[in-house]
Amino acid sequence: MDRLYEQIAAAPGGRVSYADYMQMVLYDERFGYYMRERAKIGKEGDFFTNSSFAPVFGKALASLWVRMVEQSGLPPAVCEWGGGDGRLALSVLEEWKKKSPHTYDRLSYTIIDQSPFHRRRQRETLQPAAEKVEQYDDVSRWLAERGPFSGIVFSNEFFDAFPVHVIVKEGGVLHECFVAARDGRLVEEKAPLCRPAIVRYLHERGLDLAEGQRLEVPLAMKAFWLEVGPLFHQAVMVTIDYGYTDEQLRAPARRHGSLRGYFRHQLVADPLRHPGEMDLTSHVQWDALRLYARQAGWEEVAFVRQDRFLLAAGLLHEWNVSEGDDVFSPASRQNRMIRALIADDGVSRFFDVLILQKGMSFAARDFWPAPEFLPAD
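In this report, the structure presented in the accompanying data block is examined. (Residues numbered from 1 in each chain as written. Predicted model: local features only at pLDDT ≥ 70, side-chain atom pairs only at ≥ 80, totals over all residues. Heavy atoms only, no water.)

### Quick notes on the sheet that holds strand S3 (residues 108-112)
Step number 1: Judged by pairing direction, the sheet is mixed, and its seven strands sit side by side in the order S4-S3-S2-S5-S10-S17-S16 without closing on themselves. Of all the strands in the sheet, just strand S4 (133-136) and strand S16 (299-305) have a single pairing partner and so form its edges. Taking each pair of neighbouring strands and ignoring which way they run, the sheet shows an average axis angle of 15°.
Step number 2: In the sheet, strand S5 (residues 149-156) pairs with strand S10 (residues 232-241) via seven bridges, with the strands oriented parallel. If you follow Asn156 over to S10, its bridge partner there is Ile240.
Step number 3: Relative to the sheet, helix H3 (residues 54-72) contacts strand S2 (77-81), S5 and S10, its axis offset from that of S5 by approximately 160°.
Step number 4: Sheet strands in contact with helix H11 (residues 286-295) are S10, S16 and strand S17 (352-358), and its direction is about 5° off that of S17. (Pairing = 2+ DSSP bridges. Helix = DSSP H or I, 4+ residues; strand = E, 2+ residues; numbered from the N terminus. Axes fitted to C-alpha atoms, helices over the stretch in contact; angles between N-to-C directions. Contact = heavy atoms within 4.5 Å.)

Next up, the structure:
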């Protein structure tokens, strides 16, 4: 906290943008949350994610990707952005080997994760399939070293952790919000908006804030897409995250913004609490991601809620009809995971799945054993 305060106090005006603050508290090599040597996912960490259901989630993903590879000629190569503890990757690899040994022989699986702690956990978890896996700490460096990629790109809760600027409309005037160091504390300060990149973002997105509305501006996500998006040849991208469309953003209930923290499984509304010890996220602005993906040469295949995506991918094929009376049996445990993923009040109601392609010609209903769960073409 002392080092962070000193760093902010030394900035011009004694304050930094929220984007710079997030970069510090999440990714700084000295005190960044993701760089710390401690668990972040699961009951010992601060939040749960889809990797908590890895045994069945990975099977559904592997089944879909095997069909894509076998029926389209897509290379058997997967790149996962932000691999967490590696459990989801292991589940995918194990299921792929069972379903398609001949393509598994040629399969490569790359994980890109900035966190040294996560990369070490991944190496431990993926030891049974170590010969298939390579790791990088940066997407741009990976692409620079290997050249244009062809294959499957997958991310789960990757874009929600990108640094964002924060703006608010007060008295009819747009202001940018800053994090300032004052009298030994971190506080929020506002100043009339004067950052041209934010003005351009609002203009190209056609966004007009209501009075009192607070909004995150994902300039880092935009820059990421425009930099790395063109560096793919033939690829399918499956992006899973929580977020809002522009229509949803206009709802009164969402006018306070979405930048939040997660600390020991508790949602923390104040993003300035527990710096370096708390995960910070903001909801993905799906229509922004789609816009910059198109500008980078990608085409949308489908956009669907996660439960419908998993049903379309054939998750129910993993249901154990005869689970027996033992609630602790592997069959019962697997069925509980499936229920949690597809129930109306389950975890999937918070997540959407965006499927993009580049250099391919998939339709939304190609390769799906249960296409009735996908949106109409």
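### Details of helix H4 (residues 87-99)
Step number 1: Between the first and last C-alpha of H4 there are 18 Å, a value that for 13 residues agrees with the 18 Å anticipated at 1.5 Å per step.
Step number 2: Those residues of H4 not exposed but buried are Leu88, Ala89, Leu90, Ser91, Val92, Leu93, Glu95 and Trp96. (Expected span 1.5 Å × (residues − 1). Buried < 20%, exposed > 50% of the residue type's maximum accessible area, 1.4 Å probe, protein only.)

### Some remarks on the nonpolar core
Step number 1: Judged by nonpolar contacts, the single largest core of 53 residues is most densely connected at Trp65, Trp96 and Phe309.
Step number 2: A per-element tally of this core places H3 first, with eleven residues.
Step number 3: In this structure, Phe309 is in contact with Leu61, Leu64, Val238, Val304, Val353, Ile355 and Trp368, ignoring residues within four places of it in sequence.
Step number 4: Val139, Phe158, Phe224 and Tyr244 belong to the second largest nonpolar core, which has 43 residues in total. (Core = buried A, V, L, I, M, F, W, Y, C linked by side-chain atoms within 4.5 Å.)

### Here's the deal with helix H8 (residues 196-205)
Step number 1: Of all the positions in H8, only Ile198, Tyr201, Leu202 and Arg205 are classed as buried. Seen along its axis, H8 keeps its buried residues to an arc of 95°; they face one direction. Residues of H8 that are exposed and angled more than 90 degrees away from the buried face: Pro196 and His203.
Step number 2: Positive phi appears at Gly206, one or two residues downstream of H8, with a value of about 65°. (Arc of directions from axis to C-beta.)

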